[in-house]
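# An overview of the molecular structure
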Amino acid sequence: MTTSHRPAVIEAGGVFLPAEVCHPLWLALRAQLARHRADGGQVRPEVAAALDALRAAGLEHLTSASGHAERTPADIGAPSTRALVTTEELAGRLGVTGRHLRRLAAQHGVTAAARGLWHPDDAEHLARSHRKAA
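Residues numbered from 1 in each chain as written. Predicted model: local features only at pLDDT ≥ 70, side-chain atom pairs only at ≥ 80, totals over all residues. Heavy atoms only, no water.

## Remarks on the overall build of the protein
Tallying secondary structure elements over the protein gives seven helices and four strands in all. Helices and strands in the protein line up, N terminus first, as β-β-α-α-α-α-β-α-α-β-α. Taking the contacts inside the protein whose residues are at least 6 apart along the sequence as the reference set, 55% of them involve residues at least 24 apart. For the protein, the accessible area works out to roughly 8700 Å², and carbon and sulfur atoms hold 59% of it. (Helix = DSSP H or I, 4+ residues; strand = E, 2+ residues; numbered from the N terminus. Contact = heavy atoms within 4.5 Å. Areas by Shrake-Rupley, 256 points an atom, 1.4 Å probe, with all protein chains shown as cover.)

## Thoughts on the environment of Arg99
Following the sequence through the fold, Arg99 ends up in helix α6 (residues 98-107). In this structure, the C-alpha to C-alpha distance between Arg99 and Thr87, residues 12 residues apart in sequence, is 9.2 Å.

## Re the confidence of the model for the protein
With 76% of its residues at a pLDDT of 70 or more, the protein shows a mean pLDDT of 76. Mean pLDDT in the protein bottoms out at helix α4 (residues 78-81), which sits at 44, and peaks at helix α5 (residues 87-94), which reaches 92. Counted against residues more than four places away or in other chains, residues 66-81, with its pLDDT under 50, gives 17 contacts. (pLDDT = per-residue confidence, 0-100.)

## Notes on the nonpolar core
One finds Leu90, Leu94, Leu101, Trp118 and Leu126 to be the most contacted residues of the largest nonpolar core, which totals 13 residues. Non-local contacts of Trp118, meaning those with residues more than four positions away in its chain, are made with Leu84, Val85, Thr86, Thr87, Leu90, Leu101, Arg102, Ala105, Val110, Thr111, Ala112 and Ala113. (Core = buried A, V, L, I, M, F, W, Y, C linked by side-chain atoms within 4.5 Å. Buried < 20%, exposed > 50% of the residue type's maximum accessible area, 1.4 Å probe, protein only.)

## A short note on α5
Among the residues of α5, those classed as buried are Thr87, Leu90, Ala91 and Leu94. Take α5 and look down its axis: the buried residues cluster within an arc of 100°, on one side only. Residues Glu88 and Gly92 are exposed on α5 and point more than 90 degrees away from its buried face. (Arc of directions from axis to C-beta.)

## Digging into the packing of α5 against helix α7 (residues 120-133)
For the pair α5 and α7, interaxial distance at closest approach is 10 Å and the crossing angle is 20°. When the interaxial angle is binned, α5 and α7 end up roughly parallel. For the pair α5 and α7, the sense of crossing is right-handed. On α7, the residues touching Leu90, Arg93 and Leu94 of α5 are Ala123, Glu124, Leu126, Ala127 and His130. Residue composition of the contact of α5 with α7, grouped by class: five nonpolar, one polar and two charged. (Axes fitted to C-alpha atoms, helices over the stretch in contact; angles between N-to-C directions. Parallel < 35°, antiparallel > 145°, perpendicular 65-115°, else oblique. Left-handed = near helix turned anticlockwise from the far one by under 90°. Nonpolar A, V, L, I, M, F, W, Y, C, P; charged D, E, K, R; others polar.)

Following this line, the structure appears as structure tokens:
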């Protein structure tokens, strides 16, 4: 079985990536971002927005009909299948209020997946960071 691979296209002002590379690329960048944050680094808002777009495109592809047929067991990882964490759950885990949680998230360059919902990886990062600071 041969798979046609479309190349990435770089144009003035942006980059187009084929849907099938978004999730693996996001996973690699996510790991690098975790190391950067662990070293005390901050993420610029435009970089965070680009990573969110990459994550969304990758997850959309994995859950679409075309992505499902191309997925392999190596592509299906726990981060994409774990449930989102609510603000109340995460705030309780950290022993802070929801408002304070949102401030902590902003300090660490973490954005909510949706209103009142956080990605499990981001929740773990915030919990680790909060434990270190305490």
